[in-house]
Amino acid sequence: MGNLIFKFFNLQIRDMKLTLKIWRQDNATTKGKMVDYPIDGIEGDMSFLEMLDVLNEELVVKGEEPVEFDHDCREGICGSCSLQINGEPHGPDRLVTTCQLHMRSFNDGDTITIEPFRANAFPVVKDLIIDRSSFDRIQQAGGYVSVNTSGNTIDANATPVNKEDADDSFNAATCIGCGACVAACKNASAMLFTSAKVSQYALLPQGKIEATERVQAMVRQMDEEGFGNCSNTGACELECPKGISLENIARMNREYMSATTEG
Amino acid sequence: MSVLDSKIPEGPLADKWTKHKNDINLVNPANKRNIDIIMVGTGLAGGSAAATLAELGYNVKTFCYQDSPRRAHSIAAQGGINAAKNYQGDGDSNYRLFYDTVKGGDYRSREGNVYRLAEVSGNIIDQCVAQGVPFAREYGGLLDNRSFGGVLVSRTFYAKGQTGQQLLLGAYSAMNRQINRGKIQSFNRHEMMDLVLVDGKARGIIARDMVTGEIERHSAHAVVLASGGYGNVFFLSTNAMGSNVMAAWRAHRRGAYFANPCYTQIHPTCIPVSGDHQSKLTLMSESLRNDGRIWVPKNKEDVLAIREGKKKPTDLSEDERDYYLERRYPAFGNLVPRDVASRAAKERCDAGFGVNKTGEAVYLDFKSAIERYGKEAAFKHGHKNPSDEEVTKLGKEIIESKYGNLFQMYQKIVDQNPYETPMMIYPAVHYTMGGLWVDYNLQTTIPGCYATGEANFSDHGANRLGASALMQGLADGYFVLPYTIGDYLSKDIRTGKIPTDSTEFDAAEKDVKDRIDRLMKASGKHSVDHYHKLLGKIMWNKCGMARNATDLQSALDEIKALREDFWANVKVTGKEDTKNAELEKAGRVADFLELGELFAKDALHRNESCGGHFREEYQTEEGEALRDDEHFKYVAAWEYTGNPRDAKLHKEDLTFNNIELKTRSYK
């Protein structure tokens, strides 16, 4: 509510005092715990990660180890940032990554819980950093079209593609591989992630040729990595910062069914 | 001073690349299996090259500091990729793309390289479509194009505002295919700490496993650096937080010349700095200048009233606004090239007309476009006398369909609705045209060490055109390097595996460990970011959009003093044998503190203005860049001699046989 009043008068939110409860863990083999950090002087215009920068600068000056978290582009496209904020992947705002979340989404006096994305297939590396190489391995199992890259192919306009299919393929391909879908799912399922890649290719003539092998190989790898079954709750779509649609899961199920029947 | 040989093949411009490919040596498939290549960086240039080299049969090891190759900063490129396909039938050709690029670079790039870039550009699009990259299409099913700055044709292919993402994921998927075949070993969360030379040739690297802190030795027959640009020397830039110059700088210290370090692109349309906490800057695509009009208030009283919140920009009438680009450049208006638009914004803000609390912002206004599109749409719907509300509603819909994702991004960051009130923008560091000097084969001055993409200097001269960075990265990676590196490796087929237990590897590893040790043991007064921010301020204020000899001279001294202070007083927390973000940053900032000094030296020596390099002493009466072709028509390649300011200059004269040297004018 507090922020609504600020917004109504078009004021900058300044000097917020917050309590951060942050997951600290030395490495993959040690136990972690939540640690409280009071912080003040936070402005509404700061991004969530800039707020953590402020905390880390204070910790470094005190000689303490700063909180480690993954981040890189800080504009919502690289998919590095992966914080579970107050129980939600990427926090309370919709269609944003953690780096695009701003402190004006919080109120003076708030307590904010910050944890890594939780899943057996995403072991913690340190503090808020997780290992998402399981996602890479799913892609390596078949997330590509098997053409060589020497350029000796047909002209780009030799095969027209229906615009709607091309747009749907693009929308599926905008997945940034952050893992919010897995973190949002009570079963830690990777169906949304995997189905987005399967869909991108299934919708294009270039990808159809290997569609059967691809969906089988990627689903097999997904299961081997220890991701859970789809919970059908749609939490993944809701929390996805890029709005990847559940339709992709339905499409992958169809592809998988027909691959299994064929096989 | 020596004169560098660029090894441009003889013969007519259009035949050089074909002739060269026919002349160079090849490695037979059986021998490729015995040859190892190290690739540092997995963005467009590195990812595409790694995939193609592995496809050809070489054993490739890739290294990236991110947790996955898919996160390299190429992913953030928005607008598109140029290619001379001439699908629109609007008169495009390889020559025209070549011409636009050389002219856009203010005649400071190499003809032979740029023509080759244009020549292979069409093939990039074929290749990417075959790989399943979902480019934007028209209703007929064919590929769509859009226009970009500085050209008269529509040659830009795109995937909404995420072209870089789609192209990078294409290269990443090609890499994945080779990883699955066992031909690429991918080392993620690894940072190259040094280049190892054996008998004068690049034979490997020392890398740090960023999770365990382990220092590792990796050998190969050739090392390719595809590690991106160095815009983060300014601290604030549109680069990713981790983008750094370490790989290129370590190679420079080992003997690779660094070319034109002062050529930096300051992009005119970025979201302005909002406070001291700012960690990075966000670009708003160049495409917005097609429909947005740039202005500041005419009167200082209005400027102050706006800053104090007493007036809104929408309160100002047309005659109270100064559309300064339209005023100064009636022919090109808001679509002047990036360097010109950036300097004009700085000029207005320096004169006190900046519209935000820091005084460093101008307006980018879509009101006229919303009205124009709204009227057109109403007319098409058969409403000949539409109400103002209807016009605005329809106009906003059109703007949303064109730029919706950018408007959303702006609103999230600034918390203002750009459909209702003009955007605030200001120039920011975006891309570095300078980089490691390479010859036509993309080889640096160290035999066996290659540089591709933004890490090299070769194709964009003193200013890069929009949508050309993606083109260059993929051209180098898919189509150029895989050929040229074979010529070098053909002499290595009998060499056998390069051992890592040699004295050269011992010495390089010791250097790396000593350096880490020094950082960990410094006295510990200030954080790494403290130094990085101070360096950024010096760079921005004295080596930024406008430079002069006095400031550059003082920048040289200030950077040196800051570097000495850094090594004595930096505080690196944690331990060296664990994941340690502070240590990672410290190593990178240490190199920026050396590069910054060479940057200033290069800018000071170049007594002319060209492209992104604007020296205040060298301008026309109207304040435009004044080139000096008689004295500076060369590439400045610097040799490391132990101290950045003592770097030794080597020149590569640029010859223009196919294009006439002219002064750019946009009036």
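Residues numbered from 1 in each chain as written. Chains lettered and ligands numbered in written order. Predicted model: local features only at pLDDT ≥ 70, side-chain atom pairs only at ≥ 80, totals over all residues.

Undergrad: Outline the overall build of chain B, listing residues and values.
TA: If you tally the helices and strands in chain B, you get 18 helices and 19 strands. Relative to its length of 667 residues, chain B is compact, with a C-alpha radius of gyration of 25 Å against a globular reference of 26 Å. Taken along its principal axes, the extent of the C-alpha atoms in chain B is 80 × 60 × 50 Å. A buried classification covers 58% of the 667 residues belonging to chain B. Considering only contacts within chain B whose residues lie at least 6 apart along the sequence, 74% involve residues at least 24 apart. (Helix = DSSP H or I, 4+ residues; strand = E, 2+ residues; numbered from the N terminus. Rg over C-alpha atoms; globule rule 2.2 N^0.38 Å. Buried ≥ 20, exposed ≤ 12 C-beta atoms within 10 Å, placed from the backbone. Contact = placed C-beta atoms within 7 Å.)

Undergrad: Pulling in residues and values, what's your account of helix α15 (residues 528-542) of chain B?
TA: All names here are of chain B. Across its 15 residues, α15 extends 21 Å between first and last C-alpha, which sits within 8% of the 21 Å expected from 1.5 Å per residue. Looking only at α15, the buried set comprises Val528, Tyr531, His532, Leu535, Gly536, Ile538, Met539 and Lys542. End-on, the buried residues of α15 take up no more than an arc of 165°, which puts them together on one face. Buried residues in α15 make contact with α16 (549-569) and α17 (581-605). (Expected span 1.5 Å × (residues − 1). Arc of directions from axis to C-beta.)

Undergrad: Give me the lowdown on the nonpolar core, citing residues and values where you can.
TA: Among the nonpolar cores identified, the biggest contains 274 residues, and A:Val182, B:Val224, B:Leu225, B:Val362 and B:Leu436 are the most heavily contacted of them. The contacts of B:Leu225, once residues within four sequence positions are left out, are B:Val40, B:Gly41, B:Ala247, B:Ala248, B:Ala251, B:Leu436, B:Cys449, B:Tyr450, B:Ala451 and B:Ala455. (Core = buried A, V, L, I, M, F, W, Y, C linked by C-beta atoms within 7 Å.)

Undergrad: I'd love a proper account of the domain arrangement of chain A, names of residues and values included.
TA: All names here are of chain A. Taken domain by domain, chain A holds domain 1 (2-126) and domain 2 (133-262). On a C-alpha basis, the centres of domain 1 and domain 2 stand 30 Å from each other. With 18 residues of domain 1 in contact, the opposing surface of domain 2 contributes 16 residues. A breakdown of the residues in the side of domain 1 that touches domain 2 according to their chemical character gives nine nonpolar, seven polar and two charged. (Domains from an automatic or database assignment. Nonpolar A, V, L, I, M, F, W, Y, C, P; charged D, E, K, R; others polar.)

Undergrad: Kindly report on the pairing of strand β8 (residues 215-219) of chain B, identifying the contributing residues and their values.
TA: Residue and element names in this part refer to chain B. As paired elements, strand β7 (residues 201-209) and β8 share five bridges and run antiparallel to each other. Note that in β8 the partner of Ile206 across the bridge is Arg217. Between β7 and β8, which pair antiparallel one after the other, the connecting turn spans five residues, and Gly213 there sits at a positive phi close to 80°. (Pairing = 2+ DSSP bridges.)

Undergrad: Let's hear about the UniProt feature "domain: FAD-dependent oxidoreductase 2 FAD-binding" (unreviewed entry) in chain B: which residues, and what values?
TA: UniProt records the feature "domain: FAD-dependent oxidoreductase 2 FAD-binding" (unreviewed entry) for residues 36-470 of chain B in the present numbering. Annotated as 33% helix and 18% strand, the span residues 36-470 of chain B places its first and last C-alpha atoms 26 Å apart. (UniProt positions renumbered as here; feature names shortened; annotations may be inferred.)

Undergrad: Pulling in residues and values, what's your account of the environment of B:Lys662?
TA: Residue and element names in this part refer to chain B. In this structure, Lys662 sits in the segment after β19 (648-653). Residue classification places Lys662 among the exposed residues on the basis of 9 C-beta atoms within 10 Å. Measuring from C-alpha to C-alpha, the distance between Lys662 and Ser186 comes to 47 Å, with 476 residues separating the pair along the chain.

Undergrad: If you had to explain the sheet that holds strand β6 (residues 190-198) of chain B to someone new, which residues and values would you point to?
TA: Residue and element names in this part refer to chain B. Across the sheet, three strands lie side by side as β6-β7-β8; this open sheet has antiparallel pairing. What marks the edges here is a single partner per strand, and that holds for β6 and β8. Neighbouring strand axes in the sheet, compared pairwise and without regard to direction, differ in orientation by 25° on average. (Axes fitted to C-alpha atoms, helices over the stretch in contact; angles between N-to-C directions.)

Undergrad: Explain the interface of chain B and chain A to me, using residue names and the numbers behind them.
TA: On the chain A side, the residues contacting the 64 residues of chain B number 67 residues. With nine residues, helix α6 (residues 163-180) of chain B is the largest single contributor of residues to the side of chain B that touches chain A. The residue makeup of the side of chain B that touches chain A, split by class, is 21 nonpolar, 27 polar and 16 charged.

Undergrad: Kindly report on the confidence of the model for chain B, identifying the contributing residues and their values.
TA: Residue-level pLDDT values for chain B average 95, and 100% of them are 70 or greater. Interface confidence for the predicted complex, given as ipTM, is 0.96, next to a pTM of 0.96. (pLDDT = per-residue confidence, 0-100.)

Undergrad: Outline unusual backbone geometry, listing residues and values.
TA: The phi dihedral of A:Asn232 is positive, around 60°, even though this residue is not glycine. Tracing the backbone shows A:Asn232 in the loop between α8 (211-224) and α9 (235-239). Of the residues examined, A:Asn232 has 12 C-beta atoms within 10 Å and is grouped as exposed. If you check the backbone angles, B:Asp415 has positive phi at about 65° while not being a glycine. Tracing the sequence through the fold places B:Asp415 in the loop between α12 (388-414) and β15 (423-432). Residue B:Asp415 is classed as partly exposed on the basis of its 16 C-beta neighbours within 10 Å.

Undergrad: Before we move on, could you go through the sheet that holds strand β9 (residues 222-225) of chain B and cite the residues and values that matter?
TA: Residue and element names in this part refer to chain B. With parallel pairing, the five strands of this open sheet are ordered in space as β5-β2-β1-β9-β17. Strand pairing shows two members of the sheet lacking a second neighbour, β5 (184-187) and β17 (449-451), which therefore form its edges. If you compare each strand with its neighbour and ignore which way they point, the axes differ by 20° on average. Two elements, strand β1 (residues 36-40) and β9, share four bridges in a ladder whose sense is parallel. By the bridge assignment for β9, Ile37 is matched with Ala222. In this fold helix α7 (residues 246-253) packs onto β1, β9 and β17, with an angle of close to 130° to the strand it touches most, β9.

Undergrad: Give a detailed account of the environment of B:Arg71, specifying residues and quantitative values.
TA: With respect to the helices, strands and loops of the structure, B:Arg71 is situated in the loop between β2 (59-63) and β3 (81-82). The class of B:Arg71 is buried, set by 30 C-beta atoms lying within 10 Å. Considering only alpha carbons, one finds B:Arg71 and B:Leu169, 98 residues apart in sequence, at a separation of 9.0 Å. In this view, B:Arg71 contacts A:Asp72, A:Cys78, A:Gly79, A:Ser80 and B:Gln66; residues no more than four positions away in its chain are not counted.

Undergrad: Which residues make up helix α1 (residues 16-23) of chain B, and what are the values?
TA: All names here are of chain B. Here α1 has its buried residues at Lys16, Trp17 and His20. Projected onto a plane normal to the axis of α1, the buried residues spread over an arc of 90° and lie on a single side. Elements in contact with the buried residues of α1: α5 (111-130).

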